[in-house]
Amino acid sequence: MKFSMIILFFSFSSVINFVLVQSATLEISKFGGKPNTNIAKALTSAWAEACASTSAVKIVIPSGTYQMTHVDVKGPCKAPIEIQLDGTIKAPPKPEDVGGDQLLRIGYVNALTISGKGVIDGQGSYAWKQNDCSKNTKCKLLGMNLGFNFINNSIIRGITTKDSKHFHVNVLGCNNFTFDGFKVSTPGDSANTDGIHIGRSTGVNILNTDIATGDDCVSLGDGSRQVLVQNVKCGPGHGISIGSLGKYKEEESVDGITIKGCTLKGTTNGVRIKTWPNEPGTITVTNMRFEDITMDNVMNPIIIDQEYCPWNQCSKQNPSKIKISKVIIKDIKGTSGTKEGIILACSSGVPCEGVEISNVDLTFKGAPVIATCSNVKPKITGKAPACSAPSTKKE
Ligand SMILES: *[C@@H]1O[C@H](CO)[C@@H](O)[C@H](O)[C@H]1NC(C)=O
Ligand SMILES: *[C@@H]1O[C@H](CO)[C@@H](O)[C@H](O)[C@H]1NC(C)=O
């Protein structure tokens, strides 16, 4: 008797909560979006109705497996929209069948939430086999899973992006945009599958996220400002990269990147800044903070590479024109896969300034790593390797 009264009380209060906080719900099935069908049209129709609503709306894609081709939805919308994805959405395996360069592109909105326990599966294994970018500089890369363009005050949480054909997520022109409890899942041998790529955006937070890829875990392109990457686990993949930068004249500067409380496991790089030599870009990279990071068998744990030139695509005749300054490298521990735990290969044209290294406790086969440095005089405090030789270039 007592017990059932307690149950009654709890269910009564959750009904009240439901009434108070729930926004209007639009089930995808109302628009013809059924499991095992292509829900592109249904999602587009649901968005149109949600976007026209003057009060908050939640679009729900329940558990189940769905197919989807390219969806491109835009604001401005009249009120906040949430997409709750609990099902698995599968892209067509062939890039040419997707119908656009991103499976789901959302743009020009304010206060978007994507939530749920669902998965966006790019089914990329067919596309990875076609990838010839290591031989062909004009190679075509198609089929990102998610594109967020010019979106403000928004949050992506819970969902997983799996086996994207190309980058998993592209963030362009966004302000105050957060990933929390997000997941990226791809095998280590899948080419060009960067986890989250950010460009021309301010106030992006990537929190409590696990990223396994065949390329960069997080890549920060030109115009990335006030970015916080915290409690992120990377591996396999190429690690966290700022750049590559400098290839184009019209790039925007990079300012205020904090990588903190992260773990990198078995990645080729830990934290890397890469700029192209002999290219026109003249932007600056400043206020970088790499702090409290654990490396677990990472090939190049800390690396500034201003002679970045993959597959010998460029000339090294002239140095990079990108000025790097105010870089704090602090409380880094764990194991390196090479003897050179810190490589600072700065530009001979514009040397790095204000680089501070403190408490770097990295070992290679049980011995402390060394630091190699060119065109930089880092300030070293606490337990950390001093620069013992000029940096040797490795590709
Ligand atoms: C996002 O913020 C920028 C800068 O404040 C503003 O110019 C833009 O109109 C906003 N976009 C939306 C969709 O609210
Ligand atoms: C940033 O966006 C979040 C939603 O993710 C919102 O709650 C918060 O108020 C926004 N912050 C600012 C400064 O607008």
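Just so we're clear, the structure is a prediction, and the values are computed from it rather than from any experiment.

Asker: Which residues make up the site of ligand 2, and what are the values?
Answerer: Neighbouring residues of ligand 2: Asn153, Ser154, Ile155 and Asn176. The side chain of Asn176 places a nitrogen or oxygen atom 2.4 Å from an oxygen atom of ligand 2. Contact with the protein chains hides 36% of the accessible area of ligand 2, taken as 360 Å² for the molecule alone. Here the shell around ligand 2 is built from residues that sort into 1 nonpolar, 3 polar and no charged.

Asker: Quick rundown of the UniProt feature "active site" (unreviewed entry) in the chain? Include the residues and the values.
Answerer: Sequence positions flagged by UniProt for "active site" (unreviewed entry) are, in local numbering, His238. Counting through the fold element by element, His238 comes out in the loop between strand 19 (224-234) and strand 20 (240-245). For His238, a relative accessible area of 27% puts it in the partly exposed group. Once residues within four sequence positions are removed from consideration, His238 is found in contact with Gly214, Asp215, Asp216, Thr267, Thr268, Asn269 and Arg272. Of note is the side chain of His238, whose polar atom sits 3.3 Å from the backbone oxygen of Gly214.

Asker: Outline the site of ligand 1, supporting the account with residue identities and numerical values.
Answerer: In the vicinity of ligand 1, the contacting residues are Tyr108, Val109, Asn110, Asn152 and Asn175. Within the side chain of Asn152, one N or O atom sits 2.3 Å away from an oxygen atom of ligand 1. Within the complex, the protein chains bury 38% of what would otherwise be the 360 Å² of accessible surface of ligand 1. Broken down by class, the residue content of the shell around ligand 1 amounts to 2 nonpolar, 3 polar and no charged.

Asker: Hey, could you go over the nonpolar core for me, with residue numbers and the actual values?
Answerer: One finds Trp47, Ile106, Phe148, Val171, Phe179 and Phe290 to be the most contacted residues of the largest nonpolar core, which totals 90 residues. Considering every element that reaches this core, the biggest residue donor is helix 2 (residues 40-52), with 7 residues. Not counting chain neighbours up to four residues away, the residues in contact with Phe290 comprise Ile242, Ile259, Val271, Ile273, Val327, Ile328, Ile329, Lys330 and Ile332.

Asker: Quick rundown of the state of the cysteines? Include the residues and the values.
Answerer: Throughout the structure, instances matching the rule amount to 4 disulfides. Here Cys217 pairs with Cys234 through a disulfide, and the sulfurs are 2.1 Å apart. Handedness of the Cys217-Cys234 disulfide follows from its S-S torsion of about -65 degrees: it is left-handed. Of this pair, Cys217 sits in the loop between strand 17 (201-212) and strand 18 (218-220) while Cys234 sits in strand 19, placing them 17 residues apart in sequence.

Asker: Which residues make up the environment of Asn318, and what are the values?
Answerer: Checked against the element boundaries, Asn318 lands in the loop between strand 25 (300-305) and strand 26 (323-336). Separated by 131 residues in the primary sequence, Asn318 and Pro187 place their C-alpha atoms 37 Å from one another. Among all residues touching Asn318, those that are not within four sequence positions of it are Pro277 and Asn278. Within the structure, Asn318 has its side chain in polar contact with the side chain of Asn278 (distance 2.7 Å).

Asker: Requested: an account of the pattern of salt bridges, with residues and values cited.
Answerer: Taken as a whole and assessed by the stated rule, the structure comprises 17 salt bridges. One salt bridge in this structure joins Lys330 and Glu291, with 3.8 Å as the shortest N-O distance. Residue Lys330 is found in strand 26, and its partner Glu291 is found in strand 24 (residues 284-298); the two are separated by 39 residues along the sequence. Owing to a relative accessible area of 27%, Lys330 belongs among the partly exposed residues under this scheme. Given a relative accessible area of 13%, Glu291 falls into the buried group. Residue Lys330 is joined to Asp331 by a salt bridge in which the shortest nitrogen-to-oxygen separation is 4.0 Å. The class for Asp331 is partly exposed, based on a relative accessible area of 30%. Several salt bridges converge on common partners, so that one network encompasses Asp72, Lys74, Asp101 and Arg105.

Cut-offs applied
- Residues numbered from 1 in each chain as written.
- Chains lettered and ligands numbered in written order.
- Predicted model: local features only at pLDDT ≥ 70, side-chain atom pairs only at ≥ 80, totals over all residues.
- Heavy atoms only, no water.
- Near = heavy atom within 4 Å.
- Polar contact = N/O pair within 3.5 Å; in protein donor to acceptor, adjacent residues only side chain to side chain.
- Areas by Shrake-Rupley, 256 points an atom, 1.4 Å probe, with all protein chains shown as cover.
- Nonpolar A, V, L, I, M, F, W, Y, C, P; charged D, E, K, R; others polar.
- UniProt positions renumbered as here; feature names shortened; annotations may be inferred.
- Helix = DSSP H or I, 4+ residues; strand = E, 2+ residues; numbered from the N terminus.
- Buried < 20%, exposed > 50% of the residue type's maximum accessible area, 1.4 Å probe, protein only.
- Contact = heavy atoms within 4.5 Å.
- Core = buried A, V, L, I, M, F, W, Y, C linked by side-chain atoms within 4.5 Å.
- Disulfide = S-S within 2.5 Å.
- Salt bridge = Lys/Arg side-chain N within 4 Å of Asp/Glu carboxyl O.

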